[in-house]
Amino acid sequence: MSTRTKVLLGVGGALVLISMLVTGIGGFLLAPPKKVLVVTMTQDAVQADRLALKRACGGLPGVVLVKDQGNPAASVQGRFPVRFDIARATADQEIALERCINQNGAKVRGFLSEGDN
């Protein structure tokens, strides 16, 4: 191999290594935590029940509503759980959210935390 080929292979290998390191550090180590509280509604819950729970508990400090995805029709969304992003919430803010859900949850079947490490 010529010297030019060796240099080009070395530079290419270094670029690949650097891109892997930047991706690993930026995408995994420095990424914000992903923690979502998923509130499952009862079988007879409708979209109005979901919206009432969102209004009551979605504005608490440290709590961010996760936007509904998919078909926006109320007849479809009424079957899905309500999700609250609590990645940046403190323990007291999580307790306040759970207390709010229990107080306003006539149509709530239960809730669980996803992404909790």
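Being a predicted model, the structure only gives us computed values, none of them experimental.

> Mind showing me how you'd approach the side chain of Gln47 here?
Summarising the element assignment, Gln47 is placed in helix H2 (residues 47-57). Owing to a relative accessible area of 14%, Gln47 belongs among the buried residues under this scheme. Side chain to side chain, Gln47 and Arg50 meet in a polar contact 2.9 Å long.

> What am I meant to see in the packing of H2 against helix H4 (residues 91-103) here?
Two packed helices can be described by the angle between their axes and the distance between those axes. H4 packs onto H2 with a crossing angle of 140° between their chain directions and a minimal axis gap of 10 Å. Overall, the two elements H2 and H4 adopt an arrangement that is oblique. Crossing geometry of H2 relative to H4 is assigned as right-handed. Counting all contacts with H2, which are made through Leu53, Ala56 and Cys57, the residues of H4 involved are Leu97, Cys100 and Ile101. Grouping the constituent residues of the contact of H2 with H4 by class yields six nonpolar, no polar and no charged.

> I tried to follow the environment of Gln43 on my own but got confused; where do I start?
Examined against the element boundaries, Gln43 turns out to sit in the loop between strand S1 (36-41) and H2. Taking the C-alpha atoms as reference points, Gln43 and Phe80, separated by 37 residues in sequence, lie 9.9 Å from one another.

> Can you help me understand a nonpolar patch on the surface in this one?
Together, Leu17, Leu21, Ile25, Phe28, Leu29 and Leu30 line one region of the surface with nonpolar side chains, adding up to about 700 Å² of accessible area. Secondary-structure assignment places Leu30 in the loop between helix H1 (3-29) and S1.

> Got a minute to help me understand the pattern of salt bridges in this structure?
A pair can form between side chains of opposite charge whenever their charged atoms are brought close. One pass over the full model with this rule turns up four salt bridges. One salt bridge in this structure joins Lys35 and Glu94, with 3.0 Å as the shortest N-O distance. Of this pair, Lys35 sits in the loop between H1 and S1 while Glu94 sits in helix H4; the two residues are 59 residues apart in sequence, bridging distant segments of the chain. As far as the burial class goes, Lys35 and Glu94 line up, both buried. We note a salt bridge from Asp68 to Lys54, for which the minimum N-O separation is 2.7 Å. One end of the pair, Asp68, is in the loop between strand S2 (64-65) and helix H3 (74-77); the other, Lys54, is in helix H2, and 14 residues separate them in sequence. Using a relative accessible area of 15% as the deciding quantity, one classes Lys54 as buried.

> Can you walk me through the state of the cysteines in this structure?
Where two cysteines share a covalent bond between their sulfur atoms, that bond is called a disulfide. In total, this model carries one disulfide according to the counting rule given. Two residues, Cys57 and Cys100, share a disulfide whose sulfurs are 2.1 Å apart. Between Cys57 and Cys100 the disulfide shows an S-S torsion of about -95°. By sign, it is left-handed. In this pair, Cys57 sits in helix H2 while Cys100 sits in helix H4, placing the two residues 43 residues apart along the sequence. In terms of burial, Cys57 and Cys100 fall into one category: buried.

So, how was this worked out
Residues numbered from 1 in each chain as written. Predicted model: local features only at pLDDT ≥ 70, side-chain atom pairs only at ≥ 80, totals over all residues. Heavy atoms only, no water. Helix = DSSP H or I, 4+ residues; strand = E, 2+ residues; numbered from the N terminus. Buried < 20%, exposed > 50% of the residue type's maximum accessible area, 1.4 Å probe, protein only. Polar contact = N/O pair within 3.5 Å; in protein donor to acceptor, adjacent residues only side chain to side chain. Axes fitted to C-alpha atoms, helices over the stretch in contact; angles between N-to-C directions. Parallel < 35°, antiparallel > 145°, perpendicular 65-115°, else oblique. Left-handed = near helix turned anticlockwise from the far one by under 90°. Contact = heavy atoms within 4.5 Å. Nonpolar A, V, L, I, M, F, W, Y, C, P; charged D, E, K, R; others polar. Patch = residues over 30% accessible without salt bridge, like charges linked within 9 Å, V, L, I, M, F, W, Y side chains within 5 Å. Areas by Shrake-Rupley, 256 points an atom, 1.4 Å probe, with all protein chains shown as cover. Salt bridge = Lys/Arg side-chain N within 4 Å of Asp/Glu carboxyl O. Disulfide = S-S within 2.5 Å.

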